[in-house]
Amino acid sequence: MLMKYAVRLIFVSLLLALGSSLSAQTNLRLSEPLMLPVLKGQYNPSQFYSGQPNSSKAAIKQNLLTQTSSDSLLQYLFGLNQFRNRNSGSDTLSVSNGIGAARNWALAQFNKIKHNNPAFITGFFQFDKIICNINTHKNVLGILPGTDTSQKGFILIEAHYDSRCESSCDTACEARGMEDNGSGVALVLELARVLSKYTYPRTLVFMLTTAEEQGLDGANAFAVYAKTNALPIRAVLNNDVIGGIICGKTASPPGCPGENEIDSLQVRIFSAGANYSMPKGLARYTKLSFEEELLAEMPVKTNIQIMNAEDRIGRGGDHIPFRQQGYAAIRFTSANEHGDANAAAPGYLDRQHSTRDVLGKDLNGDGIFDSLFVSSSYLKRNVQINGITTAMLAIGPQDPPEFELINDGNGLSVKLTNPQAKYAYRIGFRGRGNTFDTIFTLQNQADLKTYHVKKDSFYFVSVATMDAAGTESLFSMEKYVKVAGVPATGVLKKDAISNKMQLLPVSPNPIDETLTLSVYMPNPKPGLTGQLIITDLQGRIVNSLTIALDKTINEIVFVHGFSTKGLYFCSLFVAEEKMDMQRLWFK
Ligand SMILES: [Zn+2]
């Protein structure tokens with residue numbers, strides 16, 4: 001009887017422990033009362049600002065180019081380094097060690113910005129949940145209110161400031177977490193410092209999140225709070241593992257081509273959804289803004305790689321909870337990583353999630369770093385990429401008007417509904433890739449006609465508003481059309497929209513471990529699914545995926561891994577019948 005009782009007690013306490021680790025965050029609250037009305041856009045800007053807004057694009061760009069500083073980034077990293085362990089369950093009371101000291105230090109950095117720009121609002125976003133034996137947790141916030149509340153939606157730039165060793169609740173180890181994610185914290189602080197020298201029509205929110213390592217808790221709590229309070233978030237830019245350039249031994253290729261290989265010239269953007277989605281639209285906007293506005297003036301160039309998947313496969317980050325609540329969110333990550341997150345695996349030698357994630361090496365023991373693992377110049381360029389995107393989003397004009405995409409048999413027309421004379425409009429065309437193929441700019445005209453479309457091709461078309469300074473809004477959700485084959489006369493067929501289901505062509509990206517496969521359904525049916533069968537040259541089945549066919553464009557992410565090489569075929573089957581096939585050529 002006693003035994004039975006003891007067993008039941010153990011069972012109940014196990015359930016309780018499990019329950020608390022899976023439970024939601026509760027008691028979500030902001031420490032500063034000014035914050036909520038600003039986040040909602042319900043405030044009077046004259047409360048914060050007098051005089052004219054200071055948001056000239058040229059000045060903001062110049063400021064980003066000249067004021068972003070590698071030295072300042074290093075100072076932030078040295079600052080974070082002193083707290084030894086930033087595990088979410090580490091010391092919250094000590095003034096020198098642990099997560100409590102670290103978040104107070106981060107708040108102090110935001111307060112320095114406030115000193116220079118009194119409009120800047122600083123404080124904590126708090127929530128309750130037992131994580132590594134600690135009940136109350138805090139994200140650190142710095143908010144620069146917008147100067148025009150008629151411009152809806154704030155821009156959120158975030159990075160997690162917590163760290164960990166091999167065991168996720170080890171609060172005694174040295175978890176300096178410099179690459180993961182001191183680099184992201186330094187980026188957010190530096191961006192807040194540089195951007196807050198100006199004012200913007202839309203509000204900027206800089207957030208350092210906690211408990212990312214135990215399950216994205218800090219980001220999730222804020223995303224739920226945002227959704228509950230109907231906070232308008234225009235875009236979320238998450239930065240996690242953003243300053244390292246050295247490839248580790250077990251890091252996933254070709255995020256890493258080989259141990260100690262260096263890549264300081266590329267950065268990856270991960271986002272949910274396949275190409276036809278708002279997060280991918282935000283990723284394209286980021287690449288476009290950077291390439292059009294800043295790249296030419298940078299002494300060292302960075303290439304932005306738009307990745308297919310939401311994150312590295314089997315891993316996640318703080319952009320995900322925002323996407324789950326319906327916001328457009330992307331993640332920036334270094335091209336090369338020094339870790340594959342499985343620090344518990346035998347023979348793991350990399351830095352992420354280990355005591356080795358330090359700022360650099362002291363070779364002669366004099367207490368000074370002789371070489372750094374986080375590259376402050378690479379990190380600086382990533383600050384500038386985040387910065388130009390944030391600034392464009394914050395000063396850009398209102399969203400584009402509705403438009404019609406017309407296939408008139410001779411080419412494609414884009415017709416805007418109620419365009420305004422004071423704006424120009426940009427029309428982005430995309431074929432099979434994840435970036436724009438062509439962008440047209442319409443000055444003083446409402447319609448675009450283009451006759452240079454390729455036969456038998458799908459086009460995804462989106463529209464952005466452009467102001468007099470050449471800054472564009474976010475692009476609309478895409479519309480799509482299929483242009484049918486061109487007969488011998490060179491005139492496009494009248495029935496140009498295909499009426500047959502079709503597997504859309506794809507081109508594998510050699511640096512990506514995944515591929516987006518898309519099926520066009522002229523007559524989508526609720527509940528209908530198809531099978532995508534991938535075969536090699538010998539006809540052997542290497543993979544089979546079930547895809548829902550309930551929308552006109554249906555997309556699925558196929559994880560092929562990095563080592564796939566050669567020619568494969570992807571066939572679409574619906575109810576045992578083969579409908580279409582595409583070649584997949586991995587180089
Ligand atoms: Zn991280």
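Please refer to the structure placed before this passage.
Only a predicted model underlies this, so the values are computations on that prediction, with no experimental measurement involved. (Residues numbered from 1 in each chain as written. Predicted model: local features only at pLDDT ≥ 70, side-chain atom pairs only at ≥ 80, totals over all residues. Heavy atoms only, no water.)

Enquirer: I'm lost on the overall build of the protein chain in this one. Help?
Expert: Within the protein chain, the regular secondary structure consists of 10 helices and 25 strands. Radius of gyration (C-alpha) of the protein chain: 25 Å, near the 25 Å computed for a compact globule of 587 residues. Taking all 587 residues of the protein chain together, the buried fraction comes to 58%. Contacts in the protein chain between residues at least 24 apart in sequence constitute 71% of all its contacts with a sequence separation of at least 6. Of the roughly 24300 Å² of accessible surface on the protein chain, a fraction of 54% belongs to carbon and sulfur atoms. Charged side chains in the protein chain number 56 positive and 53 negative. The centres of these two groups are separated by 4 Å. (Helix = DSSP H or I, 4+ residues; strand = E, 2+ residues; numbered from the N terminus. Rg over C-alpha atoms; globule rule 2.2 N^0.38 Å. Buried < 20%, exposed > 50% of the residue type's maximum accessible area, 1.4 Å probe, protein only. Contact = heavy atoms within 4.5 Å. Areas by Shrake-Rupley, 256 points an atom, 1.4 Å probe, with all protein chains shown as cover. Lys, Arg positive; Asp, Glu negative; His and termini not counted. Charge placed at Lys NZ, Arg CZ, Asp CG, Glu CD.)

Enquirer: Please explain the state of the cysteines as it appears in this structure.
Expert: Here a disulfide denotes one covalent bond, and it connects the sulfur atoms of two cysteines. A full pass over the atoms with the stated rule returns 2 disulfides. Across a sulfur-sulfur distance of 1.9 Å, cysteine 132 and cysteine 169 are joined as a disulfide pair. Its S-S torsion of approximately -75 degrees makes the covalent link between cysteine 132 and cysteine 169 left-handed. Here the residue cysteine 132 occupies a position in the loop between strand 2 (121-131) and strand 3 (134-144), and cysteine 169 occupies one in the loop between strand 4 (154-160) and helix 6 (178-195), the gap between them amounting to 37 residues. Residue classification places cysteine 169 among the partly exposed residues on the basis of a relative accessible area of 38%. (Disulfide = S-S within 2.5 Å.)

Enquirer: Mind showing me how you'd approach helix 8 (residues 278-293) here?
Expert: Because the α-helix completes a turn every 3.6 residues, residues three or four places apart line up on one side. Across its 16 residues, helix 8 extends 22 Å between first and last C-alpha, which sits within 8% of the 22 Å expected from 1.5 Å per residue. Along helix 8, 13 of the 16 residues are buried, which leaves the element largely enclosed by surrounding structure. Near the N-terminus of helix 8, the side chain that reaches the backbone nitrogen of lysine 280, with its oxygen 3.3 Å away, is that of serine 277. (Expected span 1.5 Å × (residues − 1). Polar contact = N/O pair within 3.5 Å; in protein donor to acceptor, adjacent residues only side chain to side chain.)

Enquirer: Mind showing me how you'd approach the coordination of the zinc ion here?
Expert: Tetrahedral coordination by four donors puts the ideal angle at the metal at 109.5 degrees, and octahedral coordination by six puts it at 90 or 180 degrees. In this structure, His160 (NE2), Asp180 (OD), Asp240 (OD) and Asp240 (OD) serve as the protein donors to the zinc ion, at separations of 2.0 to 2.7 Å. Counting the intervening residues between successive donors of the zinc ion yields the motif H-x19-D-x59-D. Placement of the pair is histidine 160 in strand 4 and aspartate 180 in helix 6, with a sequence separation of 20 residues. With respect to burial, histidine 160 and aspartate 180 carry one shared label: buried. (Donors = N, O, S within 2.8 Å, 3.2 Å for Na, K, Ca; no water.)

Enquirer: Looking at this structure, I do not really get the sheet that holds strand 17 (residues 457-466). What am I missing?
Expert: Across the sheet, 4 strands lie side by side as 15-14-17-18; this open sheet has antiparallel pairing. Pairing within the sheet leaves two strands with one partner each, and these edge strands are strand 15 (438-442) and strand 18 (479-483). Each adjacent strand pair in this sheet contributes to an overall mean axis angle of 25 degrees, direction not counted. Relative to strand 18, strand 17 is paired through 5 bridges, and the arrangement is antiparallel. Within the sheet, the bridge partner assigned to serine 457 lies in strand 18 and is valine 483. (Pairing = 2+ DSSP bridges. Axes fitted to C-alpha atoms, helices over the stretch in contact; angles between N-to-C directions.)

Enquirer: Help me understand the nonpolar core in this model?
Expert: Buried together is how nonpolar side chains tend to be arranged in soluble globular proteins. Counting 108 residues, the largest nonpolar core has Phe110, Leu156, Tyr200, Phe206, Leu208 and Phe322 as the members making the most contacts within it. Sequence-distant contacts of tyrosine 200, defined by excluding residues within four places in its chain, comprise Ser55, Ile60, Leu144, Pro145, Gly146, Thr147, Leu195, Ala391, Ala394 and Ile395. Counting residues in hydrophobic clusters, the runner-up holds 20 residues, among them Met501, Leu532, Leu549 and Phe586. (Core = buried A, V, L, I, M, F, W, Y, C linked by side-chain atoms within 4.5 Å.)

Enquirer: Teacher, can you tell me more about the sheet that holds strand 23 (residues 553-559) here?
Expert: Strand pairing in a sheet relies on backbone hydrogen bonds. The paired strands run either parallel or antiparallel. An order of 19-20-23 is seen for the 3 strands of this open sheet, with the pairing classed as antiparallel. Lying at the two open borders of the sheet, with one neighbouring strand each, are strand 19 (502-503) and strand 23. Two elements, strand 19 and strand 20 (residues 514-520), share 2 bridges in a ladder whose sense is antiparallel. Paired with leucine 503 across the bridge in strand 20 is valine 519.

Enquirer: Could you clarify how one ought to interpret the layout of surface pockets in this entry?
Expert: Where empty space is left becomes clear once a probe the size of a water molecule has been rolled over the atoms. Of the pockets and cavities examined, the largest pocket occupies roughly 760 Å³. For the largest pocket, the lining is made up of 40 residues, of which Arg430, Gly431, Arg432, Gly433 and Asp437 are closest to its centre. Taken together, the residues of the lining of the largest pocket sort by class into 14 nonpolar, 18 polar and 8 charged. Within this model, the second largest pocket holds a volume of roughly 250 Å³. As for the second largest pocket, its lining consists of 18 residues, and the residues nearest its centre are Ser507, Pro508, Trp585, Phe586 and Lys587. Broken down by class, the residue content of the lining of the second largest pocket amounts to 7 nonpolar, 6 polar and 5 charged. (1 Å grid on protein atoms, 1.4 Å probe; cavity = no way out; pocket = protein on both sides within 12 Å on 5 of 7 lines; lining within 4 Å. Points joined across faces, edges and corners; volume = space filled by probe spheres on them. Nonpolar A, V, L, I, M, F, W, Y, C, P; charged D, E, K, R; others polar.)

Enquirer: Quick question: what am I supposed to make of helix 3 (residues 57-67) here?
Expert: Of all the positions in helix 3, only Lys57, Ile60, Lys61, Asn63, Leu64 and Leu65 are classed as buried. Tucked inside the fold, the buried residues of helix 3 contact helix 6, helix 8 and helix 10 (376-395).

Enquirer: Just to check I follow, could you spell out the pattern of salt bridges for this structure?
Expert: Between side chains of opposite charge, a pair can form as their charged atoms come close. Counted according to the given criterion, the structure contains 26 salt bridges. For arginine 331, the salt bridge goes to aspartate 240, with nearest N and O atoms at 3.5 Å. Of this pair, arginine 331 sits in strand 9 (residues 329-334) while aspartate 240 sits in the loop between strand 6 (233-239) and strand 7 (266-271), and the two are 91 residues apart along the sequence. With relative accessibility at 1%, the residue arginine 331 sits in the buried group. Glutamate 478 is paired through a salt bridge with arginine 284; the nearest N and O atoms lie 3.3 Å apart. A residue pair is termed long-range when its members are at least 10 positions apart, and glutamate 478 in the loop between strand 17 and strand 18 and arginine 284 in helix 8 qualify at 194 residues. By the burial criterion, glutamate 478 is buried, and arginine 284 matches it. Here the salt bridges share partners, and the residues they tie into one network are Asp240, Arg268, Asp311, Arg312, Arg315, Arg331 and Glu337. (Salt bridge = Lys/Arg side-chain N within 4 Å of Asp/Glu carboxyl O.)

Enquirer: In this structure, what is going on with empty space enclosed by the protein? I would like to understand it.
Expert: Evaluated as defined, the whole model comprises 2 cavities of 30 Å³ or more. When its volume is computed, the largest cavity comes out at roughly 110 Å³. Forming the boundary of the largest cavity are 16 residues, of which Val38, Gly41, Gln151, Gly153 and Thr203 lie nearest the centre. It is helix 2 (residues 35-40) that provides the largest number of residues to the lining of the largest cavity, a total of 3 residues. Of the residues in the lining of the largest cavity, the class split is 6 nonpolar, 6 polar and 4 charged. In this structure, the second largest cavity encloses a volume near 70 Å³. In this structure, the second largest cavity is lined by Tyr276, Ser277, Met278, Gly281, Arg284, Phe436, Ser462, Phe475, Ser476, Met477 and Glu478. Here the element with the most residues in the lining of the second largest cavity is helix 8; it accounts for 3 residues. Counted by class, the lining of the second largest cavity contains 5 nonpolar, 4 polar and 2 charged residues.

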